[in-house]
Amino acid sequence: MSLAAYCIICCRRIGTLTPPPKSTTYRRDIRNVIKFTGSLILGGSLFLTYEVWALKKSLTLDTQVVEREKMKSYIYVDTVSLDDRENYGITYQARKELHKAVRKVLATSAKILRGPFADPFSTVDVEDHECAVWLLLRKSQSGDRAARLQAVQEMSEIHHWHDYQYRIIAQACDLRTLIGLARSKESDPRFFLPPPPLPSLKEDSSIEEELRQLLASLPQTEIDECIQYFTSLALSESSQSLAAQKGGLWCFGGNGLPYAESFGEVPSATVEMFCLEALVKHSEISTHCDQIEANGGLQLLQRLYQLHKDCPKIQRNIMRIIGNMALNERLHSTIVRSGWVSILAEAMKSRRIMEASHAARTLANLDRETMREKYHDGVYVLHPQYRTSQPIKADVLFIHGLMGAAFKTWRQQDSEQVLTEKILEDEARYTTCWPKTWLARDCPALRIISVEYDTSLSDWRTRCPVERKSIAFRSNELLRKLRAAGVGDRPVIWVSHSMGGLLVKKMLLEASKKPEMSTVINNTRGIIFYSVPHHGSHLAEYSVNIRYLLFPSLEVKELSKDSPALKTLQDDFLEFAKDKNFQVLNFVETLPTYIGSMIKLHVVPVESADLGIGDLIPVDVDHLNICKPKKKDAFLYQRTLQFICETLAKDLES
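Residues numbered from 1 in each chain as written. Predicted model: local features only at pLDDT ≥ 70, side-chain atom pairs only at ≥ 80, totals over all residues. Heavy atoms only, no water.

*Asks:* Describe the side chain of His 358, and please don't skip the residues or the numbers.
*Replies:* Position of His 358 relative to the elements: it lies in helix α17 (residues 353-366). Of the residues examined, His 358 reaches a relative accessible area of 5% and is grouped as buried. Not counting the four nearest positions on each side in its chain, His 358 is found in contact with Arg 316, Met 319, Arg 320, Tyr 380 and Phe 407. (Helix = DSSP H or I, 4+ residues; strand = E, 2+ residues; numbered from the N terminus. Buried < 20%, exposed > 50% of the residue type's maximum accessible area, 1.4 Å probe, protein only. Contact = heavy atoms within 4.5 Å.)

Next comes the structure, spelled out in C-alpha cells:
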C-alpha cells in the first residue's frame, strides 16, 4: 500500500509542475522510472525472501520419511472438522497457495540446479499444528547423535498430542527412535503400534506341534552336550504329548519322569516349558538364532506369549530367548518389525520386577544408540532400566548362592503375617527385590546388576546330567558374561550370598591371570560376603531326603569341609588379596536353618564365614534370611548401605 501511495504522489507532482526544459524532463522521468522499478523489485524480493524464510523455518521435511511412511502396513485417517471456527479466511488460503507455488518453484529449481532445497522441502501439504511432529521426526534422524537423543527425549515428554499425531511418529520413525522411546520412562504408549497380525496356524496343527517343529529344525549336531540333552528331552516328551492328544495314553516313561512332579499340570503346558528351555539354550548360539528367525520363531513365540499371559514362567523363558536373539545386531530390524517392541515397552512398565527386568535386558540389547554393553542370559540390570541423564559412576553386582536366584534371593524378609497380593504390590511396605527398590533410590548413581545361574542339591534328577558345573567352570562363564556387560569399566563392589561368594573369589583369581581382565581387578573397590562358607559347610552331611545323601550334586560336594578345591581357593585368594586395596565386609548367621520340617542345620558356622580379611558381623538370622533385611531401616540393610557409600565415596563425588 505504501508503495502505491508513493507512486500516486510522484505522478501528481509530475502533473502539477511547470514544464521544465525537455532534456531535464527526460532525465527526471528516467530517474522516477528507476526509483519506481527499483522499489518494486526490492519490495517484491524482500517479500519473497521473507515468505521463503518463514516457510523454511516452519516446514522442514524429509521426503524419504514420507515415502517410507506410504509403504507402511498401517495407515491413519485424518478426519475433517465441521467446526466453523477451524475454517480459515481468504488470507490463509492465499498464503497457502503461495506456499504451494514457492514449493513447486523450489523443487523444480532444485532438480535443474541440484540445489540445497531438494531435501528440506516436499510437495506434501502440512498444517501448522503438524509441523512440530515432522520437525521432531527429522531431528530424530539427524546425523548428530546428540540431536537424535534430544529428539527422543522431547518425544517421550509429550503427552498433549492427538492420537493421530502419535500414530504418525509410530509409523514414520526409524528403529533407533522406536527403541529409544521404549526405553524412555515417560513415553506415551500410543507411540507403539500393536503387533501385526500373526500368521494362521497350519491346518490340523497346534501351537505345541509347531513349537516342536521349530525345535526339531535347529541343528542337532556339533552342539554342546547339555543342549543335546535339553533338545532330546523336549522332543521326546512332546511326541508323547501329541500321541496322547490324538487318542493315545499319556506315558511317564523314560525321560518323562520330571512330569511326575505334578499331576495337576496340563501336559501340553509342561511340554511347552521343556521346548522353551531347549530353545533358550539354542538361542545362545548365534547361528541358531538366525534359523529361529527364518523359521518363523519370532511370530510363534509371540503367539505363545499372548496365549500364556497367566503363566509368568513361560513368558520369562520367551523373553530370555528374544533377549538372546537381540545380542545379534543383524536381527534387530526383524525383531522390531515383528512387533516385539510394543510388547517389551508394556512389560517394562509392569509392577512385577522379574517381568520388567527381562524386558529391560532385551531392550538394552536392542539399543545400540546409547548402550555399548551387551547383557547375556542371566545378567539383569536392576537399575537403571530406562535411559537416564544421571551419570553412572560405579557398579554393584549381586551374586546369589546355592538354589538362589537373581531376584528372590534379594527380596525383603517374609513377614510372619500372610502377605496379601495388595501388600506384595506396595513397594513401600514390601519389596520383592531390595537392591532395585531401596538401593537404587538411596544411590541413583550406581548401576545395579544381579546375576542368575542354575544350581541343584542333588544329581538324582539333574536337569543336565552330562554337564557338571564346578565353581571353576561357572566362574569363567560368569566372568565372560559380566565383562561383556562392561563390568570393570567402572569401580565395582561385589555382593554375594553363600556359594556366590566362592564364585566371586574364583572370578577375581581368574581375572588376575588374564591381561584383558585386568580392569576388573583394578576397579574392584570392595566385597560383601553374606554367610559365605570359606571353610566349608555342613550342608553336604545332612539331608531331608535319602537321594541327597546318595547323589549329592557337584555344588554340594564342593561345599563340604574336606573339599580340596575349597581349601585351595581360600589359600589362593588370601595370597591374591595381600597387595590389593579393596575393602571386605563379612556377615554371618547365628541361627539354625530349618531344612524341611524335621531338621535344623547351622549351614555356615561363624568360623567358616571368617575370611580372615575385613570385619565379621554376626546377625541373629538364619542362612536364608542373612541377605533379606526385614525393613529398610534394619541393621542388615543400613550397614550394607554404609559400606557401599563409604567404599565408593571418592568415586561418587568425582
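*Asks:* Residue-level account of helix α14 (residues 312-325), with values.
*Replies:* Think of an α-helix as 3.6 residues a turn; residues three or four steps apart then line up on the same face. Along its 14 residues, α14 runs 20 Å from first to last C-alpha, staying within 8% of the 20 Å computed at 1.5 Å per residue. Taking burial as the measure, the 14 residues of α14 include 10 buried ones, the bulk of the element. (Expected span 1.5 Å × (residues − 1).)

*Asks:* For the packing of helix α19 (residues 434-442) against helix α27 (residues 635-647), give the residues involved together with the corresponding values.
*Replies:* Each packed pair of helices is defined by two parameters, the angle between the axes and the distance between the axes. Their axes nearest at 12 Å, the elements α19 and α27 cross at an angle of 50°. On the basis of the axis angle, α19 is oblique to α27. For the element pair α19 and α27, the recorded crossing hand is right-handed. The segment α19 lies against α27, with Trp 434, Trp 438, Leu 439 and Asp 442 engaging Tyr 637, Thr 640, Leu 641 and Ile 644. Of the residues contributing to the contact of α19 with α27, the split by class is 6 nonpolar, 1 polar and 1 charged. (Axes fitted to C-alpha atoms, helices over the stretch in contact; angles between N-to-C directions. Parallel < 35°, antiparallel > 145°, perpendicular 65-115°, else oblique. Left-handed = near helix turned anticlockwise from the far one by under 90°. Nonpolar A, V, L, I, M, F, W, Y, C, P; charged D, E, K, R; others polar.)

*Asks:* Lay out the environment of Trp 340 with the relevant residues and their values.
*Replies:* Position of Trp 340 among the secondary structure elements: in helix α16 (residues 340-348). Judged by relative accessible area, which is 0%, Trp 340 ranks as buried. As for Trp 340 and Leu 363, which are separated by 23 residues in sequence, their C-alpha atoms are 9.8 Å apart. What Trp 340 contacts, discounting residues up to four positions off in sequence, is Leu 298, Leu 301, Gln 302, Tyr 305, Ile 318, Ile 322 and Ile 335. Among the polar contacts made by the side chain of Trp 340, one reaches the main-chain carbonyl oxygen of Leu 298 at a distance of 3.2 Å. (Polar contact = N/O pair within 3.5 Å; in protein donor to acceptor, adjacent residues only side chain to side chain.)

*Asks:* Account for the pattern of salt bridges, with residues named and values stated.
*Replies:* Opposite charge on two side chains lets them pair, provided their charged atoms get close. As enumerated under the stated definition, the model contains 22 salt bridges in all. Close ionic contact of Arg 148 with Glu 369 constitutes a salt bridge, the shortest N to O distance being 2.7 Å. Remark: Glu 369 occurs in the loop between α17 and β1 (379-383) and Arg 148 occurs in helix α6 (residues 145-156); sequence separation between them is 221 residues. Per residue, the accessibility class of Arg 148 equals that of Glu 369, and both read buried. The salt bridge partner of Lys 513 is Glu 510, with a shortest N-O separation of 3.8 Å. According to the relative accessible area criterion, Lys 513 is exposed, its value standing at 60%. One salt-bridge network, in which partners are shared between bridges, spans Glu 373, Asp 395, Arg 447 and Arg 490. (Salt bridge = Lys/Arg side-chain N within 4 Å of Asp/Glu carboxyl O.)

*Asks:* How would you summarise the nonpolar core if you had to cite specific residues and measurements?
*Replies:* Core analysis: the largest hydrophobic core is formed by 69 residues, its most contacted members being Ile 169, Leu 276, Leu 279, Ile 318, Met 325, Ile 335 and Trp 340. Among the elements that take part in this core, helix α11 (residues 267-282) stands out by supplying 8 residues, more than any other. Split by domain, the residues of this core number at least three in each of domain 1 (128-191) and domain 2 (199-244 + 267-371). Each residue touching Ile 169, except ones within four places of it in the same chain, is listed here: Val 133, Leu 137, Met 155, Trp 161, Leu 181 and Phe 191. (Core = buried A, V, L, I, M, F, W, Y, C linked by side-chain atoms within 4.5 Å. Domains from an automatic or database assignment.)

*Asks:* Just give me the short version of the environment of Val 504, but keep the residues and values in it.
*Replies:* Mapped onto the secondary structure, Val 504 falls in helix α21 (residues 499-512). By relative accessible area, which is 0% here, Val 504 ends up buried. When neighbours within four sequence positions are excluded, Val 504 is seen to be in contact with Ile 399, Trp 494, Ser 496 and Ile 527.

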